[in-house]
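An overview of the molecular structure
One-letter residues, chain by chain:
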Amino acid sequence: FDMYRSMARSAVDTHPTEDDDMADLGGALKYIHTEMLTEHYADPLRTTRKYGIDVLTRKRYKIKNTEALLKSPQQAMGEFGQFVTYDWGQATNPGQYDMFKDYGDFVG
């Protein structure tokens, strides 16, 4: 599946993948329209966009979740597990930790 990130061209491929703040195409476009293109707030004489963002990058991923997850009632949306809250590269909701014990690492 494809994941997207809006960013400055000079920053493309400079961050480890696990540190990228990525979204599906709809999420990336929503971010651009609600956060970046705030024309009525910006200086009309500016020469760059907010945060210097000037490209939308795409990365393609192939994933395979664990057999335990694929055969479980926790499976959602085909081959994906449930949504899990992540911040700074780690799960941050203690109420969800048991899912990792039961199903291993998975993509939600």
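Residues numbered from 1 in each chain as written. Predicted model: local features only at pLDDT ≥ 70, side-chain atom pairs only at ≥ 80, totals over all residues. Heavy atoms only, no water.

It is worth spelling out unusual backbone geometry at this point. Of note, Asp13 is a non-glycine position whose phi angle comes to about 60°, a positive value. With respect to the helices, strands and loops of the structure, Asp13 is situated in the loop between strand S1 (2–7) and helix H1 (25–36). (Helix = DSSP H or I, 4+ residues; strand = E, 2+ residues; numbered from the N terminus.)

Put simply, the second largest pocket is a space of about 250 Å³. If you trace the second largest pocket, you find 15 residues lining it, with Arg5, Ser6, Asp21, Tyr31 and Ile53 closest to the centre. Elements with a contribution of two residues or more to the lining of the second largest pocket: S1 and H1. Ranked by residue count, the leading element in the lining of the second largest pocket is S1, at four residues. Grouping the amino acids of the lining of the second largest pocket by side-chain chemistry returns ten nonpolar, three polar and two charged. (1 Å grid on protein atoms, 1.4 Å probe; cavity = no way out; pocket = protein on both sides within 12 Å on 5 of 7 lines; lining within 4 Å. Points joined across faces, edges and corners; volume = space filled by probe spheres on them. Nonpolar A, V, L, I, M, F, W, Y, C, P; charged D, E, K, R; others polar.)

Inspection of the secondary structure assignment puts Thr92 in the loop between strand S4 (90–91) and helix H3 (97–103). Other than its neighbours up to four places away in sequence, Thr92 contacts Thr85, Tyr86, Asp87 and Tyr97. (Contact = heavy atoms within 4.5 Å.)

Attention now moves to the nonpolar core. Ranked by size, the top nonpolar core spans seven residues in total: Leu69, Val84, Ala91, Met99, Phe100, Tyr103 and Phe106. Considering every element that reaches this core, the biggest residue donor is H3, with three residues. Those residues in contact with Val84 that sit more than four places away from it in its chain are Ala91, Gln96, Met99, Phe100 and Phe106. (Core = buried A, V, L, I, M, F, W, Y, C linked by side-chain atoms within 4.5 Å. Buried < 20%, exposed > 50% of the residue type's maximum accessible area, 1.4 Å probe, protein only.)

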